[in-house]
Amino acid sequence: MAQAALVSIDPKTGEILAMASSEAYEESQFNLAVQGQRQTGSAFKPFVLAQALIEGYSLDSRYNAPAEVEIPEFRNTDGTPWTPQNYSESDAGVMDLVEATRQSSNTAYAQLMADLGTDPVEVMGDDGQPLTNDDGDTLYAPDGPNKVAELVESMGLGAGEGIPAGQRVGPMVLGTFDTTPLEMAGAYATFMNRGVYRQPSVITRVEQVADDGGITVLYERKVNESRILTETQADLVTHTLQ
């Protein structure tokens, strides 16, 4: 059975305006919009674009976008070079980042991800200390994917648990990372809100009404927000997506 979910967020407040999942609650208590982890696909590319803008890249930066490109700095699990292909399997020629986004060019964006850095760096935890595996060995990831992972975590992706070191790899640019529609909506709202992330919320206020009509406020939402991008950086991503 086909599945779908929808989340609509007011980017200025972070308030959830609408949410829908595939099945009625009576049929399934699994909320696909909140709990459904799915690969992001090419919807992830704007986050890589945002990181590039942070690092001073221009929308006029140009890449040759052949049907297939070998990125030797990123390796498959069997040790062979990562070789992404365009969906259309056609050579699109040289294009800037606006056109690469419009055409969703895998090969152009793969090269951009590599340009953001391929040297191994320590993966840091929320406490500012390097993460380690069960054997106590420090975890490393390529610099570019690691920076993109840190960026999207700051925009709400990762469900508070963060993106594992093993997923901070070159193919992340093509959307291999799993997330939910709610998290993606909150992250994309950051672009529309000119670089400020506001944590999505569905409840704004809870009141208790006494028998005499008196009202006691039990809960009132406090907006959790942080600036992630400059207004210019966010506007350039929005412009590219239009």
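Shown above is the structure to which this text applies.
S.K.: Give me the pairing of strand β13 (residues 215–220): which residues, what numbers.
M.R.: Relative to β13, strand β12 (residues 205–209) runs antiparallel, the two sharing five bridges. Each bridged residue has a counterpart across the sheet, and for Glu 207 the counterpart in β13 is Val 217. In this structure, the hairpin formed by β12 and β13 is closed by a connection of five residues, where Gly 213 is found at a positive phi of approximately 90 degrees.

S.K.: Hey, could you go over a nonpolar patch on the surface for me, with residue numbers and the actual values?
M.R.: On the surface, a nonpolar cluster with roughly 450 Å² of combined accessible area is contributed by Val 202, Ile 203, Val 206, Leu 218 and Tyr 219. Tracing the chain through its elements places Ile 203 in the loop between β11 (196–198) and β12. Judged by its relative accessible area of 44%, Ile 203 falls in the partly exposed class.

S.K.: Please provide a residue-by-residue account of the packing of helix α2 (residues 45–54) against helix α7 (residues 231–241), values included.
M.R.: Each pair of packed helices can be summarised by the angle the axes make with each other and by the distance between the axes. The geometry of α2 relative to α7 is characterised by a closest axis approach of 10 Å and an angle of 140 degrees between their N-to-C directions. If you check the angle between α2 and α7, you find them oblique. For the crossing formed where α2 meets α7, the hand is right-handed. Across from Pro 46, Leu 49, Ala 50, Leu 53 and Ile 54 in α2, the residues of α7 making contact are Gln 233, Leu 236, Val 237, Thr 240 and Leu 241. In terms of residue class, the contact of α2 with α7 is built from eight nonpolar, two polar and no charged.

S.K.: I'd like a description of the packing of helix α6 (residues 181–192) against α7, backed by residues and values.
M.R.: Where α6 meets α7, the axes come as close as 7 Å, and the angle between the chain directions of the two elements is 105 degrees. In terms of their interaxial angle, α6 and α7 are classed as roughly perpendicular. Between α6 and α7, the contacting residues are Tyr 188, Thr 190, Phe 191 and Met 192 on the first element and Ala 234, Val 237, Thr 238 and Leu 241 on the second. Looking at the contact of α6 with α7 residue by residue, the class counts come to six nonpolar, two polar and no charged.

S.K.: I'd love a proper account of the side chain of Asn 146, names of residues and values included.
M.R.: Counting through the fold element by element, Asn 146 comes out in helix α5 (residues 143–154). Leave out the neighbours within four places in its chain, and Asn 146 touches Val 121, Glu 122, Val 123, Ala 141 and Arg 168.

S.K.: Explain the pattern of salt bridges residue by residue, including any values.
M.R.: Scanning the entire structure with this criterion turns up nine salt bridges. Arg 194 is the partner of Asp 235 in a salt bridge, and the nearest nitrogen-oxygen pair spans 2.5 Å. Linking Asp 235 in helix α7 with Arg 194 in the loop between α6 and β11, this pair joins segments that are 41 residues apart in sequence. You can call Arg 194 partly exposed: its relative accessible area is 37%. Linking Glu 220 and Arg 205 is a salt bridge whose minimum nitrogen-to-oxygen distance equals 3.1 Å. In this pair, Glu 220 is assigned in strand β13 and Arg 205 in strand β12, connecting sequence segments 15 residues apart. One network of salt bridges, with partners in common, ties together Glu 55, Asp 143 and Lys 147.

S.K.: Quick one: what's the story with the packing of aromatic side chains, residue by residue and with numbers?
M.R.: Taken as a whole and assessed by the stated rule, the structure comprises five aromatic pairs. Consider the rings of Tyr 188 and Phe 191, whose centres lie 5.7 Å apart with planes at 75 degrees: the pair is edge-to-face. One end of the pair, Tyr 188, and the other, Phe 191, are both in helix α6, three residues apart, so they sit about a helical turn from each other. Look at Tyr 188 and you get partly exposed, because its relative accessible area is 26%. On the basis of relative accessibility, which here comes to 2%, the residue Phe 191 falls in the buried class. Through a chain of ring-to-ring contacts, three or more aromatic side chains come together here, namely Phe 44, Phe 47, Tyr 188 and Phe 191.

S.K.: Go over α2 with me, naming the residues and quoting the values.
M.R.: When you tally the buried positions in α2, you get nine out of ten residues, the bulk of the element. Of all the positions in α2, only Lys 45, Pro 46, Phe 47, Val 48, Leu 49, Ala 50, Gln 51, Ala 52 and Leu 53 are classed as buried. Contacts from the buried residues of α2 go to α3 (97–102), α4 (106–115), α5, α6 and α7. Where α2 ends, the next residue or the one after it, Gly 56, has phi of about 95 degrees, a positive value.

S.K.: Please set out α6 residue by residue, giving values where relevant.
M.R.: An α-helical turn contains 3.6 residues, so a residue and the one three or four places further along point in the same direction. End to end, α6 covers 16 Å across twelve residues, agreeing with the expected 16 Å (1.5 Å per residue, within 8%). Turning to α6, its buried residues number three or more, namely Leu 182, Glu 183, Met 184, Ala 185, Gly 186, Ala 187, Ala 189, Thr 190 and Phe 191. Backbone geometry just downstream of α6 places Arg 194 in the positive-phi region, at approximately 60 degrees.

Rules of the game
- Residues numbered from 1 in each chain as written.
- Predicted model: local features only at pLDDT ≥ 70, side-chain atom pairs only at ≥ 80, totals over all residues.
- Heavy atoms only, no water.
- Pairing = 2+ DSSP bridges.
- Helix = DSSP H or I, 4+ residues; strand = E, 2+ residues; numbered from the N terminus.
- Patch = residues over 30% accessible without salt bridge, like charges linked within 9 Å, V, L, I, M, F, W, Y side chains within 5 Å.
- Areas by Shrake-Rupley, 256 points an atom, 1.4 Å probe, with all protein chains shown as cover.
- Salt bridge = Lys/Arg side-chain N within 4 Å of Asp/Glu carboxyl O.
- Buried < 20%, exposed > 50% of the residue type's maximum accessible area, 1.4 Å probe, protein only.
- Axes fitted to C-alpha atoms, helices over the stretch in contact; angles between N-to-C directions.
- Parallel < 35°, antiparallel > 145°, perpendicular 65-115°, else oblique.
- Left-handed = near helix turned anticlockwise from the far one by under 90°.
- Contact = heavy atoms within 4.5 Å.
- Nonpolar A, V, L, I, M, F, W, Y, C, P; charged D, E, K, R; others polar.
- Phe/Tyr/Trp six-rings, centres within 6.5 Å; stacked < 30°, edge-to-face > 60°.
- Expected span 1.5 Å × (residues − 1).

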